[in-house]
Amino acid sequence: MPKIAIISPSVRKGRNSHRIALYLLDLIKGMNLAEVEILDLLQYNFPLFNERLKYQDSPLPEMIDFSEKIKSADGVIIISPEYNGGPIASLKNAVDLLTDEWRRKPVAFVTVSDGNFAGTQAIISLQFTLWKLGAITVPATMRIPNIISAFDENGTPSDKQATDKRGINFVRELLWYIEAKKRMAAPE
Ligand SMILES: Cc1cc2nc3c(=O)[nH]c(=O)nc-3n(C[C@H](O)[C@H](O)[C@H](O)COP(=O)(O)O)c2cc1C
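Values in this document were obtained by computation on a predicted structure and should not be read as measured data. (Residues numbered from 1 in each chain as written. Predicted model: local features only at pLDDT ≥ 70, side-chain atom pairs only at ≥ 80, totals over all residues. Heavy atoms only, no water.)

(A) Representation of the overall build of the chain in the model. Check the secondary structure of the chain and you find 7 helices and 6 strands. Along the chain direction, N to C, the helices and strands of the chain fall in the order β-α-β-α-α-β-β-α-β-α-β-α-α. The C-alpha radius of gyration computed for the chain amounts to 16 Å, which stays within 12% of the reference 16 Å derived for 188 residues, consistent with globular compactness. Based on the C-alpha atoms only, the size of the chain along its principal axes is roughly 45 × 40 × 25 Å. Evaluated residue by residue, the chain yields a buried proportion of 46% over its 188 residues. The long-range share in the chain, meaning contacts at least 24 apart out of those at least 6 apart in sequence, stands at 79%. In the form shown here, the chain has an accessible surface area of approximately 10100 Å², with 51% of it arising from carbon and sulfur atoms. (Helix = DSSP H or I, 4+ residues; strand = E, 2+ residues; numbered from the N terminus. Rg over C-alpha atoms; globule rule 2.2 N^0.38 Å. Buried < 20%, exposed > 50% of the residue type's maximum accessible area, 1.4 Å probe, protein only. Contact = heavy atoms within 4.5 Å. Areas by Shrake-Rupley, 256 points an atom, 1.4 Å probe, with all protein chains shown as cover.)

Spelled out as C-alpha cells, the structure:
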C-alpha cells in the first residue's frame, strides 16, 4: 500500500484550509487508497528558516521528523492556501528546509481560498519551487474556492458526491505517478 503525506501548512488562528486536509485524510482512508497522515505545520511550529536541515549542526527533532516523513512517503499532497497572490510563508519555510527528500517525489497540489478563485495564483511559484527541487510535480490539481462553505470544520463537504468524485480523481492521479515511479525505480 503506498504512503501519502498531506502537508497542512496554515498556522493562522481560525485557519480554514486544514478542512481540506481532514477531508482528504478521511477520503483516502475510507477508500483504502493509501496509508495516509497529515503533517501539520501548526503542530511542527518550525522557527523561521535559517539554514537547510542537512547543513544544520543541531537540528530540532521536529525537523528531523518532518524530513523522515517526507522521505518515507511515496507521494505528498501539499495544501496551498493563497496569501496575497503567493504561497503562504509557513509552507515555503518548511519546503526550503529539505533538499534531497524532494527529489523524484511525486507531489500534488490542492489550492484553497475563501473567495471564488481557489487560490490558483499561488500554485505557479509553488510548482516552480518543487520542480527546482527535483520533485515530480503532478499536473492534476484540486482547486477549492469558497472553502468555508465547501467544508465544515471537521472536513465534511457540503456536496459530498461531487467533492468525492473530484477528490478520488485527484488522488488517483497522484497514485498514477507513484506507481509510475515505482515501475521505473532503478537499482541505486
Ligand atoms: C494575509 C492573507 C492574504 C490573503 N490573500 C489572498 C489572495 O491573494 N487570494 C485569495 O484568494 N485569498 C486570499 N486570502 C484569503 C485566504 O484564501 C483564506 O484566508 C484561506 O482560508 C486561507 O487559508 P487559511 O484560512 O487556512 O489560512 C488571504 C488571507 C490572508 C490571511
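(B) Structural view of helix α7 (residues 160–184). Across its 25 residues, α7 extends 36 Å between first and last C-alpha, which sits within 8% of the 36 Å expected from 1.5 Å per residue. Listed in full, the buried residues belonging to α7 are Thr163, Asp164, Gly167, Ile168, Phe170, Val171, Leu174, Leu175 and Ile178. For α7, the secondary structure elements touched by its buried residues are β1 (3–8), α1 (18–30), β3 (75–83), β5 (106–112) and β6 (136–144). (Expected span 1.5 Å × (residues − 1).)

(C) Highlighting α1. Counted at 1.5 Å a residue, the expected span for α1 with its 13 residues is 18 Å, and the 18 Å between its end C-alpha atoms agrees. Trailing α1 by a residue or two, Asn32 shows a phi angle of about 55 degrees, which is positive.

(D) Representation of the site of the ligand in the model. Taken together, 14 residues are adjacent to the ligand, and Ser10, Arg12, Ser17, Tyr83 and Asn84 come closest. Between the ligand and the protein, one listed contact pairs a nitrogen atom with a side-chain N or O atom of Glu82 at 3.0 Å. Within the backbone of Asp114, an N or O atom sits 3.4 Å from an oxygen atom of the ligand. Contact with the protein chains removes 76% of the 600 Å² of surface that the ligand exposes when unbound. When residues in the shell around the ligand are grouped by element, the largest group, 3 residues, is from β3. When the residues that make up the shell around the ligand are grouped by side-chain class, the tally is 4 nonpolar, 6 polar and 4 charged. (Near = heavy atom within 4 Å. Polar contact = N/O pair within 3.5 Å; in protein donor to acceptor, adjacent residues only side chain to side chain. Nonpolar A, V, L, I, M, F, W, Y, C, P; charged D, E, K, R; others polar.)

(E) Expanded view of the packing of aromatic side chains. Scanning the model with the defined rule gives 6 aromatic pairs in all. Taken together, a centroid distance of 5.3 Å and an interplanar angle of 45 degrees make the contact between Phe128 and Trp131 tilted. One end of the pair, Phe128, and the other, Trp131, are both in helix α5 (residues 122–132), 3 residues apart, so they sit about a helical turn from each other. By relative accessible area, which is 49% here, Phe128 ends up partly exposed. Where Trp176 meets Tyr177, the ring centres are 5.0 Å apart and the plane angle is 70 degrees; that geometry is what we call edge-to-face. For Trp176, a relative accessible area of 53% translates into the label exposed. (Phe/Tyr/Trp six-rings, centres within 6.5 Å; stacked < 30°, edge-to-face > 60°.)

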